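One letter stands for each residue in the lines below.
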Amino acid sequence: DLIPVRVGQIGYMYDTVSGQLFGNSGTGDFTLGEDKTLPYDAEVEYLQGDGSAYIDTGYYVNTTKTRCEMQIMPLATSTQCICGSRNTANTSNTDNCCVFVVNGKFRFDWAEGGSGALVDMTTGNVYTISITRGSVTVNGNTTTYSNSTSTNQTYTFLLFALHNTTAIQAPFTGRIYYATF
């Protein structure tokens, strides 16, 4: 379960289960949301990616067993990956655990066999997303899509980008308020 936090003026995602901090693995910077009123001063409302910052969670996703829930705000409609890992090169479009923004729509690829559900989105709006193999719920509206076999991901799951074979691709310009998987 990951939440955005700050240490000094640096943004991280904090795993509330393992107690581990995950910092920026990219070259860009995160914009910090406002501090929340809590019994401690490190949690912030969100992390905002600038299109080159990303976080490597160190987590390996399984397309059948892993459920992902997050709250996000996209700030651009260009092709970008909110989070994900993919075992194969971009051209084969298989073996995915990814959430994309493509041409002003969310694209949920959470299965072997390529693209899953397409759901309309608007930049600047906050979305709560829950995704499992074959089903995605966005702000309470559920869409089902076909998928095939279960696969363990070979590459670690990233927030704010896609871990695609050995490359980091399509960094996300937007906010992540929380992510659990």
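Below: a short report on this structure.

Helix and strand counts for the protein chain come out as zero helices and 18 strands. Counting all 181 residues of the protein chain, 48% fall into the buried class. Sequence separation of at least 24 residues holds for 59% of the intrachain contacts in the protein chain that already meet a minimum separation of 6. Summed over its atoms, the accessible surface of the protein chain is roughly 7900 Å², and 46% of this surface lies on carbon and sulfur atoms.

For Asn164, the position within the fold is in strand β16 (residues 162-164). Side-chain polar atoms of Asn164 contact the side chain of Gln169, separated by 2.5 Å.

Scanning all chains against the criterion turns up six aromatic pairs. Between Tyr59 and Phe181, the ring centres sit 4.8 Å apart and the planes meet at 50°, which makes this aromatic pair tilted. Of this pair, Tyr59 sits in the loop between β6 (55-56) and β7 (68-74) while Phe181 sits in the segment after β18 (173-180), placing them 122 residues apart in sequence. The rings of Phe30, Phe160 and Phe172 are connected pair by pair, giving a single aromatic cluster.

As a further point, take the pairing of strand β12 (residues 127-132). Side-chain direction in a regular strand flips from residue to residue, so the side chains alternate between the two faces of the sheet. Sheet topology note: the β7/β12 ladder contains five bridges and is antiparallel. Residue pairing across strands places Ile72 opposite Tyr127, the latter belonging to β12. One ladder, built from four bridges, connects β12 with strand β13 (residues 135-138); its direction is antiparallel. Bridge assignment links Ile129 to a residue of β13, and that residue is Val138.

Now for the environment of Asp35. Tracing the backbone shows Asp35 in the loop between β4 (30-32) and β5 (47-50). The exposure class assigned to Asp35 is partly exposed, which follows from its relative accessible area of 40%. Along the primary structure Asp35 and Arg6 are separated by 29 residues, whereas in three dimensions their C-alpha atoms are 8.8 Å apart.

Let us look at the pattern of salt bridges. Here the structure, examined in full by the defined rule, presents two salt bridges. Note that Glu69 and Arg67 form a salt bridge whose closest N and O atoms lie 2.6 Å from each other. Asp120 serves as the salt-bridge partner of Lys105, at 2.3 Å between the closest nitrogen and oxygen. Note that Lys105 is positioned in strand β10 (residues 105-109) and Asp120 in strand β11 (residues 118-120), a separation of 15 residues in sequence.

How each quantity is defined
- Residues numbered from 1 in each chain as written.
- Predicted model: local features only at pLDDT ≥ 70, side-chain atom pairs only at ≥ 80, totals over all residues.
- Heavy atoms only, no water.
- Helix = DSSP H or I, 4+ residues; strand = E, 2+ residues; numbered from the N terminus.
- Buried < 20%, exposed > 50% of the residue type's maximum accessible area, 1.4 Å probe, protein only.
- Contact = heavy atoms within 4.5 Å.
- Areas by Shrake-Rupley, 256 points an atom, 1.4 Å probe, with all protein chains shown as cover.
- Polar contact = N/O pair within 3.5 Å; in protein donor to acceptor, adjacent residues only side chain to side chain.
- Phe/Tyr/Trp six-rings, centres within 6.5 Å; stacked < 30°, edge-to-face > 60°.
- Pairing = 2+ DSSP bridges.
- Salt bridge = Lys/Arg side-chain N within 4 Å of Asp/Glu carboxyl O.

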